[in-house]
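Remarks on the overall topology
Chain by chain, the residues:
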Amino acid sequence: MLVWSGVLAGHDSCEGGAMDRLSVRHGQTTDQDGTGVPKPGERQPTEGAHRAEQAAAALAAGRSAAKTGHAVVIAGGGPTGLMLAGELALAGVDVAIVERRPNQDLAGPRARGLHARTIEVLDQRGIAERFLAEGQVAQIAGFAGIPLDISDFPTRHNYGLALLQSHIERILAAWVGELGVPSYRGREVTGFAQDDAGVDVALSGGRSLRADYLVGCDGGRSLIRKAAGIAFPGADPSTSWISAEVEMAEEPEFGMRRGGGGIGRASDGVRIGVVLTERDTEHTGEPTLQDLRDALIVAYGTDWGVHSPTWISRFTDMTRQAASYREGRVLLAGDAAHVHPPQGGQGLSLGVQDAVNLGWKLAQVVKKTSPASLLDTYHTERHPFAARVLRNTMAQVALLRPDDRTNALRDITSELLGMDEPRKRFAAMMSGLDIRYDLGAGHPLLGHRMPDLDLGTATGPLRVYTLLHEALPVLLNLGAPGGLDIAPWADRVRLIDANYAGRWELPVLGAVAAPAAVLIRPDGYVAWVDDRTGPVLADALTTWFGPPTAA
Ligand SMILES: Cc1cc2nc3c(=O)[nH]c(=O)nc-3n(C[C@H](O)[C@H](O)[C@H](O)COP(=O)(O)OP(=O)(O)OC[C@H]3O[C@@H](n4cnc5c(N)ncnc54)[C@H](O)[C@@H]3O)c2cc1C
């Protein structure tokens, strides 16, 4: 059955329609009608260039074989869509991004940094250094403005990174460009129709694409979510914030306001940044200079002669989550799947981690090495973590209310979080380092992130995260070399004989028993531990990486 969802703007056949106007040259796609895909010569040489060349060649080969579109179309090229595109491209999947913006520029600052687990995830792909080189390493984790130090956590990245979202997106987009992912820029997805075999994706301008799967990474107002009929239950806004970068005729009162917000110097040291609560929580249009004047007058009794805004934006504490992350061949990730206020700075990191959980699973389903049911584990694993973020942001908003009783409550919370055990638990939650997917009972490592150990191998020292750069599963044998045989999965899983004599330690949990072997998923989570208590290896390999290849 074919069901059109959303508003269709014409549908030309994918056999020769959309793809004929795209030419693929050495992993580089040029859009001949000039809508902003990378041009030859725009790729930046990097240390990962060889890997990028291989992935791009695989993409080009897959694309010419398919000829009718892409295996996966991603609606939205924000942080989540970019990360997902990179993950799929690394796996050799033919993926394309459709992005409304003509370029990667952002109208406001939005996210201001990355949490520790997200830096680890980028390290797993060999690109963390690109971000670290441009940002400021700092203890950024906090709860309702109460700082949480993670410098004693057992991770190579026991800190966060202060870096504006515009830079994060630029660096991600460059990586995705190196991997040869085509982008349909300055285009919107206007609707889609899914059938048993695939999805027809309608774009503004009358073009359409055929894909095996469509992923909505199109932000909080996601058209994909709405068109798929996926419910978005949650809480309406109780507060609204206006934020802007401006000039003022008079010197304003610089400083934070109790309850959040305030006035400060912008990053150029000249212009002025303002964040203030607004009287109304319901708005129909975009925020204006008059809205900002009104908010200034309510807060300070004057607008200081505000003028010449570089940008003005608005956010609320609306807190909602998609009831399902999958509807047939349509999936949701990032803000399309969950929205919450920015307290704690968790949104971008959450979306990037959605993408890293989904990418390898979708790649295996598209390549038919795993059944489509593997995609259901994406919802099962990620939905509870976003729900937890929604819950902690609601609590933070409540704790930041500017009345005396709430102030007293926040002071007491601050005292509690000054104690070591609560500090560790909250810091691990806010930095994402405590994520554990429920993969059953067994060794404490099962379902946790694999620590980035310094291994010894026959060919020399090696970091665990280096083994994950290709986004392939790894079976790490720390026992007798040659002691594990995974021949029926050898086409999908790398078997590495290594030794490690140091401590095994996880954030919050502390030291755990050294295992004889671990199976690491491409997203860096431990899928199996050889300690004779959990599932057998063949079952774990089949569950996560598909049935064995016949001998
Ligand atoms: C004021 C503010 C402060 C924030 N502070 C932080 C913070 O400190 N830390 C943090 O981690 N997060 C923060 N966030 C949240 C963070 O910005 C988001 O969580 C993050 O951008 C989500 O990424 P995304 O890719 O899922 O969605 P988005 O960034 O919203 O990207 C969606 C993309 O889809 C495109 N698009 C939309 N519809 C279509 C369509 N139909 N067709 C094609 N393209 C489409 C859009 O142009 C956009 O590029 C903040 C947000 C705001 C508003």
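Summary of the structure given here. (Residues numbered from 1 in each chain as written. Predicted model: local features only at pLDDT ≥ 70, side-chain atom pairs only at ≥ 80, totals over all residues.)

**Remarks on the pairing of strand S18 (residues 262-265)**
Note that strand S17 (residues 255-256) and S18 share two bridges and pair antiparallel. When the sheet's bridge partners are listed, Gly-255 is paired in S18 with Ile-263. For S18 and strand S19 (residues 272-278), the ladder comprises four bridges, and the chain directions are antiparallel. The residue of S19 that forms the bridge with Arg-265 is Ile-272. Here S18 folds back onto S19 in antiparallel fashion, the turn holding six residues, of which Gly-269 has a positive phi close to 75°. (Pairing = 2+ DSSP bridges. Helix = DSSP H or I, 4+ residues; strand = E, 2+ residues; numbered from the N terminus.)

**With respect to the sheet that holds strand S6 (residues 113-114)**
On the basis of which strands lie adjacent, the open sheet formed by three strands has the order S6-S10-S7 and antiparallel pairing. Each edge of the open sheet carries a strand with a single partner, namely S6 and strand S7 (136-138).

**Thoughts on the sheet that holds strand S28 (residues 494-497)**
Backbone-to-backbone hydrogen bonds join strands into a sheet, with any given pair of strands oriented parallel or antiparallel. Overall, mixed pairing links the four strands, which are arranged S28-S27-S31-S32 in an open sheet. The open sheet has two free edges, formed respectively by S28 and strand S32 (526-529), since each of these has just one partner strand. Each strand axis lies, on average, 20° off the axis of its neighbour in the sheet, ignoring direction. As paired strands, strand S31 (residues 517-520) and S32 are joined by three bridges and run antiparallel to one another. Along S32, the bridge assignment pairs Ile-520 with Val-526. Docked against the sheet, helix H13 (residues 537-545) engages S31 and S32, running at close to 165° with respect to S32. (Axes fitted to C-alpha atoms, helices over the stretch in contact; angles between N-to-C directions. Contact = placed C-beta atoms within 7 Å.)

**Some details on the packing of helix H2 (residues 79-90) against helix H5 (residues 165-178)**
Look at H2 against H5: their axes get within 9 Å of each other, and the N-to-C directions meet at 20°. By the angle between their directions, the pair H2 and H5 is classed as roughly parallel. Considering only the axes of H2 and H5, their crossing is left-handed. The segment H2 lies against H5, with Pro-79, Leu-82, Met-83, Ala-85, Gly-86 and Ala-89 engaging Gln-165, Ile-168, Glu-169, Leu-172, Ala-173, Trp-175 and Val-176. Its residues assigned to classes, the contact of H2 with H5 comprises 10 nonpolar, two polar and one charged. (Parallel < 35°, antiparallel > 145°, perpendicular 65-115°, else oblique. Left-handed = near helix turned anticlockwise from the far one by under 90°. Nonpolar A, V, L, I, M, F, W, Y, C, P; charged D, E, K, R; others polar.)

**Let's talk about helix H3 (residues 116-124)**
Counted residue by residue, H3 has nine buried out of nine residues, so it is predominantly covered. Listed as buried for H3 are Ala-116, Arg-117, Thr-118, Ile-119, Glu-120, Val-121, Leu-122, Asp-123 and Gln-124. Tucked inside the fold, the buried residues of H3 contact S6, helix H4 (128-132), strand S10 (160-162), helix H8 (347-366), helix H11 (420-431) and helix H12 (464-467). Of the residues one or two after H3, Gly-126 is the one with positive phi, at around 80°. (Buried ≥ 20, exposed ≤ 12 C-beta atoms within 10 Å, placed from the backbone.)

**As for the environment of Trp-175**
Mapped onto the secondary structure, Trp-175 falls in helix H5. For the pair Trp-175 and Arg-130, spaced 45 residues apart in the sequence, the C-alpha separation amounts to 9.6 Å. Non-local contacts of Trp-175, meaning those with residues more than four positions away in its chain, are made with Gly-86 and Ile-127.

**Re the site of the ligand**
Looking at the ligand, there are 33 residues lining it, with Gly-76, Gly-78, Gly-219, Gly-334 and Gly-347 nearest. Broken down by secondary-structure element, the contributors of at least two residues to the shell around the ligand are H2, strand S5 (95-99), strand S20 (306-316) and H8. Per element, the largest residue contribution to the shell around the ligand is four residues, and it comes from H8. Of the residues belonging to the shell around the ligand, the class tally is 10 nonpolar, 15 polar and eight charged. (Near = placed C-beta within 6 Å.)

**Some details on the packing of H2 against H8**
Taken N-terminus to C-terminus, the directions of H2 and H8 make an angle of 30°; their axes are 8 Å apart at the nearest point. With respect to each other, H2 and H8 are oriented roughly parallel. Remark: the crossing between H2 and H8 carries right-handed chirality. In contact with Pro-79, Thr-80, Met-83, Leu-84, Glu-87 and Leu-88 of H2, H8 contributes Leu-348, Gly-351, Val-352, Asp-354, Ala-355, Val-356, Leu-358, Gly-359, Trp-360, Leu-362 and Ala-363. Tallied by class, the residues present in the contact of H2 with H8 amount to 12 nonpolar, three polar and two charged.

**Some remarks on unusual backbone geometry**
Phi is positive for Ala-144, which is not a glycine, with a value near 50°. Counting through the fold element by element, Ala-144 comes out in the loop between strand S8 (142-143) and strand S9 (146-147). Notably, Ser-308 is not glycine yet its phi reads approximately 50°, a positive angle. Turning to its location among the elements, Ser-308 is positioned in strand S20. Accessibility expressed as a C-beta count within 10 Å gives 10 for Ser-308, which makes it exposed.

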